[in-house]
Amino acid sequence: MGAQIIDGKAFAAKVRSKVGEHVTSLKADHGITPGLAVVLVGEDPASQVYVRSKGKMTTEVGMKSVEHKLDVDTSEVDLLALIDALNNDDSIHGILVQLPLPGHLDEDLVINAISPAKDVDGFHISNVGLLGTGQKSMVPCTPLGCLMMLREHHGSLSGLDAVVIGRSNIVGKPMAQLLLGDSCTVTIAHSRTKDLQDVVRRADIVVAAVGRPEMVPGDWIKKGASVIDVGINRIERDGKNKLVGDVDFASCAEVAGAITPVPGGVGPMTIACLLANTVTACCRANGLAEPEGLTA
């Protein structure tokens, strides 16, 4: 294996440490404690684990953590009323509604009810538009984490050829916008892209976010390219459940210059960037300088 392993777990710990330093400064210099509110509707097991992890890490970096756990049959009116109350709570700087929501709730309506300034997931239509036009926005956490790791590895991304495999609103599209913002030449590819392997082979940076286990083999990768694997797929192999990414790690690692593993790559960065976004939102709300190295 020739590739450098980009250790997302270690990098996320570094980001959380920076967040903690900023939180300490905000408290000491301005008497402000950044606050994050997470809203969970229903009892989806994976969502419950994720929300607990968010709450634990939020308090570990010294921020205020608020959790609202609502019954699965909570009405849209009641959920929107809670979001409105959080929008108007000056002690809360970030609001996250855990997805997916129960089927009777309109996810787009709920997400767009969050104040764009407090939308630390970066999903509000206003933030999507701001990011797409190169303006200051709240940035989705997973693409932000990918960008941070690429900047750390490469320094400047200017002029590099990047291919994003996947066109989702959560990862693919915002990832492409962030790479454009750092002056990459960007192609968004997907399952219907003609000659997909040839498109990927020319890239200095490959971000795989297509949701298909081990779809990208090593012979698609340009020698020395950086491979960021966003995929988290559970498969059965040799009678055991295993987590794998969207790239075939073993073969890609033979030719790539750097690669993220699954697990332990992009995944840990998502919550770290959620915390970073909350600090950024707090600073913006109070007219303070944004934390260096924690924003796009």
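Before reading on, note that the structure itself is shown above.
First, a word on what this report is: a plain description of the structure on this page. For clarity, every value in this text was computed on a predicted model and none was experimentally measured.

Rules and cut-offs
Residues numbered from 1 in each chain as written. Predicted model: local features only at pLDDT ≥ 70, side-chain atom pairs only at ≥ 80, totals over all residues. Heavy atoms only, no water. Helix = DSSP H or I, 4+ residues; strand = E, 2+ residues; numbered from the N terminus. Rg over C-alpha atoms; globule rule 2.2 N^0.38 Å. Buried < 20%, exposed > 50% of the residue type's maximum accessible area, 1.4 Å probe, protein only. Contact = heavy atoms within 4.5 Å. Areas by Shrake-Rupley, 256 points an atom, 1.4 Å probe, with all protein chains shown as cover. Lys, Arg positive; Asp, Glu negative; His and termini not counted. Charge placed at Lys NZ, Arg CZ, Asp CG, Glu CD. Disulfide = S-S within 2.5 Å. Pairing = 2+ DSSP bridges. Axes fitted to C-alpha atoms, helices over the stretch in contact; angles between N-to-C directions. 1 Å grid on protein atoms, 1.4 Å probe; cavity = no way out; pocket = protein on both sides within 12 Å on 5 of 7 lines; lining within 4 Å. Points joined across faces, edges and corners; volume = space filled by probe spheres on them. Nonpolar A, V, L, I, M, F, W, Y, C, P; charged D, E, K, R; others polar. Left-handed = near helix turned anticlockwise from the far one by under 90°. Right-handed = clockwise from strand over helix to strand, strands pointing away.

A look at the overall build of the protein chain
Right, so step 1: Within the protein chain, the regular secondary structure consists of 10 helices and 11 strands.
Right, so step 2: By the compact-globule yardstick of 19 Å for 296 residues, the protein chain fits well, its C-alpha radius of gyration being 19 Å.
Right, so step 3: Counting every position in the protein chain, which comprises 296 residues, the buried fraction comes to 48%.
Right, so step 4: Across the protein chain, every contact between residues at least 6 apart in sequence was considered, and the portion connecting residues at least 24 apart equals 69%.
Right, so step 5: Accessible area for the protein chain stands at about 13,300 Å²; split by element, carbon and sulfur atoms hold 50% of it.
Right, so step 6: Across the protein chain, the mean location of the 27 positive side-chain charges is 5 Å away from that of the 35 negative side-chain charges.

Overview of the state of the cysteines
Right, so step 1: Applying the stated criterion across every chain yields a total of 0 disulfides.
Right, so step 2: Note on C184: no disulfide assigned, nearest cysteine sulfur contributed by C146 at a separation of 13 Å.
Right, so step 3: Classification of C184 by relative accessible area gives buried; the value is 6%.
Right, so step 4: Between C273, a cysteine without a disulfide, and C141, which holds the nearest cysteine sulfur, the sulfur-to-sulfur distance is 6.3 Å.
Right, so step 5: Take C273: its relative accessible area is 0%, and that puts it in the buried class.

Some details on the sheet that holds strand β1 (residues 4-5)
Right, so step 1: The parallel open sheet is built from 6 strands, whose spatial order is β1-β11-β8-β7-β5-β6. Two strands in the sheet have a free side with no partner beyond their single neighbour: β1 and β6 (185-189).
Right, so step 2: Sheet topology note: the strand β5 (residues 161-165)/β6 ladder contains 5 bridges and is parallel. Bridged to V163 within β6 is T187.
Right, so step 3: Across the sheet, helix α6 (residues 141-154) lies against β1, β7 (205-208), β8 (226-229) and β11 (258-259), angled at about 160 degrees from β8, the strand it touches most.
Right, so step 4: Along the sheet, helix α7 (residues 172-181) contacts β5, β6 and β7; its crossing angle with β5, the most-contacted strand, is approximately 170 degrees.

Brief notes about the sheet that holds strand β2 (residues 35-41)
Paired through their backbone hydrogen bonds, the strands of a sheet run either parallel or antiparallel.
Right, so step 1: Pairing within the open sheet is parallel, and its 3 strands lie in the order β3-β2-β4. The sheet is open, and its two edges are formed by β3 (64-70) and β4 (94-97), each paired on a single side. The mean inter-strand angle of the sheet, taken between neighbouring strand axes irrespective of direction, is 15 degrees.
Right, so step 2: Pairing geometry for β2 and β4, over 4 bridges, is parallel. Within the sheet, the bridge partner assigned to L36 lies in β4 and is G94.
Right, so step 3: Each of β2, β3 and β4 is contacted by helix α3 (residues 76-87), which is oriented at about 180 degrees to β2, the strand it contacts most.

Some words on empty space enclosed by the protein
Right, so step 1: By the definition in use, this model includes 1 cavity of 30 Å³ or more.
Right, so step 2: Lining of the largest cavity is provided by V97, L99, I111, I114, D119, D121 and F123.
Right, so step 3: Split by residue class, the lining of the largest cavity holds 5 nonpolar, no polar and 2 charged.

With respect to the packing of α6 against α7
In a pair of packed helices, the angle between the axes and the distance between the axes together describe the arrangement.
Right, so step 1: Interaxial distance between α6 and α7 falls to 9 Å at its minimum, and their mutual angle equals 35 degrees. Of the two possible hands of crossing, α6 and α7 adopt the one that is right-handed. Facing α6, whose interface residues are P143, L144, C146, L147 and L150, α7 presents P174, M175, L178 and L179.

Observations regarding the pairing of β3
Right, so step 1: As defined by bridge partners, β2 adjoins β3 across 7 bridges and the pair is classed as parallel. Among the inter-strand pairings, L36 is bridged to a residue of β3, identified as S65.
Right, so step 2: For the crossover that starts at β2, traverses helix α2 (residues 45-60) and ends in the parallel β3, the hand is right-handed.

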